[in-house]
Amino acid sequence: MISTKVRIMHDSGLNARPAALFVQVSSKYDSRIWVEVGTKKVNAKSIMGIMSLNVATDDEITIIAQGEDAQEAIDSLTELVDSNFSHIPNCK
Amino acid sequence: MIALPSIPIDNIVEELGLEVIYCHDSRPLVVTTSDINRPGLQFAGFFDYFASERIQVLGKVEMTYLETLDPDFRLQQLDKFFQYDFPCLIISRDMEIPPYILELSKKYNRCLFRSSQSTSSLTQRLINYLGSALAPKITRHGVLVDVYGAGVFLMGESGIGKSETALELVKRGHRLVADDAVEIKKVTDNRLIGESPELIRHFMEIRGIGIIDIKSMYGVGSVINNKPLDIVIYLEFWDDSKEYDRLGLTEEHIEILGVKLPKIVIPVRPGRNLAIIVEVAARNWRLKRMGYNAAVELDNRLNALIQQNRGE
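What comes next concerns the included structure. The structure displayed is predicted, hence computed values, not measured ones. (Residues numbered from 1 in each chain as written. Chains lettered and ligands numbered in written order. Predicted model: local features only at pLDDT ≥ 70, side-chain atom pairs only at ≥ 80, totals over all residues. Heavy atoms only, no water.)

Description of the overall build of chain A
- Counting secondary structure elements, chain A contains three helices and four strands.
- Counting helices and strands in the order they occur from the N terminus, chain A gives β-α-β-β-α-β-α.
- Taking 2.2 N^0.38 as the reference for a compact globule, 92 residues should give roughly 12 Å; the C-alpha atoms of chain A span a radius of gyration of 11 Å, in line with that estimate.
- Expressed as lengths along the three principal axes of its C-alpha atoms, the size of chain A is roughly 30 × 30 × 20 Å.
- By residue count, 52% of the 92 residues in chain A fall in the buried class.
- Accessible surface computed for chain A: about 4500 Å², of which carbon and sulfur atoms make up 43%.
- Each charge class in chain A can be summarised by its mean position, and for the 9 positive and 12 negative side chains these summaries are 7 Å apart. (Helix = DSSP H or I, 4+ residues; strand = E, 2+ residues; numbered from the N terminus. Rg over C-alpha atoms; globule rule 2.2 N^0.38 Å. Buried < 20%, exposed > 50% of the residue type's maximum accessible area, 1.4 Å probe, protein only. Areas by Shrake-Rupley, 256 points an atom, 1.4 Å probe, with all protein chains shown as cover. Lys, Arg positive; Asp, Glu negative; His and termini not counted. Charge placed at Lys NZ, Arg CZ, Asp CG, Glu CD.)

Pasting the structure below:
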């Protein structure tokens with residue numbers, strides 16, 4: 001299991017659209033992926049789960065992945081967040 | 001780092017209808033136990049085993065006792081009492097706050113509240129409230145539905161069809177508790193209660209359609225805010241190499257927050273009507289709980305017949 005921390009810089013935090021992009025990217029991987037904020041940990045492939053975290057601008061989230069393509073998944077998700085959700089990484 | 005359990009001051013004040021007499025800052029109260037303490041013995045000078053980690057409640061008895069004390073001795077005992085780092089002090093029955101208590105609360109920065117309730121009903125509500133507020137909590141991926149009064153927690157990988165199954169169940173008259181993320185709270189040693197995170201309550205995501213609001217779409221009868229978990233149904237893609245339960249004589253279990261729940265694994269294959277299978281599982285669970293186990297019953301009949309044939 002590997003994990004990394006990223007900061008959400010998007011103006012509206014992880015609202016519907018960035019959340020949908022995030023889920024879209026994580027769903028492409030076979031690994032099990034979670035997002036953790038504070039004491040809450042949700043499935044990164046679930047849009048309702050991500051939205052329930054109520055992540056605001058400048059909040060830090062932890063992405064956790066477990067599985068064969070865990071590293072690729074984390075890299076792509078980090079790339080997506082770092083590009084401020086403007087660039088969808090090429091995956092698979 | 002493990003954060004100590006704490007309760008925001010506004011929550012406790014609102015929930016128990018308290019009046020804030022003095023509270024220096026807005027930091028949440030650090031409360032580690034749902035027990036409370038009435039500090040009568042401490043006022044008398046006995047500080048051994050003083051449960052200072054508990055919320056302190058002052059009732060009529062303690063107040064009257066304090067009034068009978070010599071002012072110097074009283075101040076000395078109270079000063080010692082206030083030096084302990086207790087979460088807060090609540091005075092019941094809307095009693096007037098003696099100036100020496102207010103003074104010491106300010107001196108040692110302790111929160112001081114007042115309640116209009118009698119001491120015993122206040123302590124009872126306080127213990128109930130703390131028990132629920134301090135209960136261990138966990139967020140799990142899955143869908144929680146109330147099916148014939150049984151709390152059914154549907155688990156399984158993303159895309160297996162949990163939400164679709166729940167939708168079909170709602171259409172058949174059952175009630176949705178939470179979709180995708182379920183906050184599970186351990187309220188007693190063997191009881192888990194699940195609810196939806198407030199923000200996404202009664203919303204659901206159906207692939208291809210998007211986000212829908214079950215309450216507006218199917219009405220208030222189709223949703224419920226929280227529900228104890230009774231059974232876990234695990235949906236998984238049909239695996240030909242795996243043996244699935246054909247009898248139901250043995251029960252599988254899953255542990256959530258240390259509570260054991262019966263677990264049923266249901267293989268998913270196109271064309272299988274999952275909603276009706278979940279309904280049947282819920283009915284079967286209720287029958288079993290009422291003491292009737294179809295698999296055992298059939299086995300008994302078979303055994304009796306075999307015995308009879310052997311006798312002839």
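Now that the structure has been shown, we can carry on.
Concerning the packing of aromatic side chains
- All told, the structure shown has nine aromatic pairs over all chains when counted by the stated rule.
- A network of ring pairs unites the aromatic residues Phe43(B), Phe47(B), Phe50(B), Phe81(B), Phe82(B), Tyr84(B) and Phe86(B) as a single cluster.
- Above the plane of the ring of Trp34(A) lies Lys41(A), whose end atom (NZ or CZ) is 4.8 Å from the centre. (Phe/Tyr/Trp six-rings, centres within 6.5 Å; stacked < 30°, edge-to-face > 60°. Lys NZ or Arg CZ within 6 Å of the ring centre and 35° of its normal.)

Quick notes on the side chain of His141(B)
- Checked against the element boundaries, His141(B) lands in strand S8 (residues 137-141).
- Within the structure, the side chain of His141(B) is placed 3.4 Å from the side chain of Asn43(A), a separation counted as a polar contact.
- Only 3.2 Å separates the side chain of His141(B) from the backbone oxygen of Asp180(B), close enough to count as a polar contact.
- Look past the residues within four positions of His141(B) in its chain and what remains in contact with it is Asn43(A), Ser46(A), Phe153(B), Met155(B), Gly156(B), Ser158(B), Lys162(B) and Asp180(B). (Polar contact = N/O pair within 3.5 Å; in protein donor to acceptor, adjacent residues only side chain to side chain. Contact = heavy atoms within 4.5 Å.)

Looking at a nonpolar patch on the surface
All names here are of chain B.
- There is a patch of nonpolar side chains on the surface, built from Leu247, Leu249 and Val296 and spanning about 260 Å² of accessible area.
- Note that Leu247 resides in the loop between strand S17 (231-237) and strand S18 (252-256).
- Exposure remark for Leu247: the relative accessible area of 63% places this residue in the exposed category. (Patch = residues over 30% accessible without salt bridge, like charges linked within 9 Å, V, L, I, M, F, W, Y side chains within 5 Å. Salt bridge = Lys/Arg side-chain N within 4 Å of Asp/Glu carboxyl O.)

With respect to the layout of surface pockets
Residues and elements named next belong to chain B.
- In this model, the largest pocket occupies a volume close to 1300 Å³.
- Of the residues forming the lining of the largest pocket, the biggest block, four residues, is contributed by helix H6 (residues 119-133).
- When the residues that make up the lining of the largest pocket are grouped by side-chain class, the tally is 16 nonpolar, 10 polar and 11 charged.
- There is about 800 Å³ of room inside the second largest pocket.
- For the second largest pocket, the lining is made up of 28 residues, of which Asp245, Gly248, Ile264, Val265 and Ile266 are closest to its centre.
- Of all the secondary-structure elements, those providing two or more residues to the lining of the second largest pocket are strand S19 (259-268), helix H9 (274-289) and helix H10 (294-311). (1 Å grid on protein atoms, 1.4 Å probe; cavity = no way out; pocket = protein on both sides within 12 Å on 5 of 7 lines; lining within 4 Å. Points joined across faces, edges and corners; volume = space filled by probe spheres on them. Nonpolar A, V, L, I, M, F, W, Y, C, P; charged D, E, K, R; others polar.)

Some words on the interface of chain A and chain B
- Taken together, the 13 residues of chain A in the interface contact 15 residues of chain B.
- For the chain A and chain B pair, buried surface summed over both sides reaches about 1100 Å², with 64% attributable to carbon and sulfur atoms.
- On the surface where chain A and chain B come into contact, there are two salt bridges.
- Ionic pairing is found between Glu183(B) and Lys40(A), a salt bridge with its closest N-O pair at 3.7 Å.
- Applying the counting rule to chain A against chain B returns two residue pairs in polar contact (both at pLDDT 80 or more).
- Counting only elements with at least two residues in the side of chain A that touches chain B, the list comes to strand S3 (40-43) and helix H2 (47-52) of chain A.
- If one sorts the elements of the side of chain A that touches chain B by residue count, H2(A) sits on top with five residues.
- A class-by-class count of the residues in the side of chain A that touches chain B yields four nonpolar, five polar and four charged. (Buried area = accessible area lost by both parts, 1.4 Å probe.)

What to know about the environment of Val296(B)
Residue and element names in this part refer to chain B.
- Relative to the helices and strands, Val296 resides in helix H10.
- By relative accessible area, Val296 is classed as partly exposed at 34%.
- Sequence separation between Val296 and Leu112 is 184 residues; the distance between their C-alpha atoms is 60 Å.

Considerations on a negative patch on the surface
- On the surface, a cluster of negative charge is made up of Glu72(A), Asp75(A), Glu79(A) and Asp82(A).
- Take Asp82(A): it is sitting in helix H3 (residues 70-82).

Considering the sheet that holds strand S6 (residues 88-91) of chain B
- Pairing within the open sheet is mixed, and its five strands lie in the order S2-S7-S6-S5-S4 (chain B). The open sheet has two free edges, formed respectively by strand S2 (19-22) and strand S4 (36-37) of chain B, since each of these has just one partner strand. (Pairing = 2+ DSSP bridges.)

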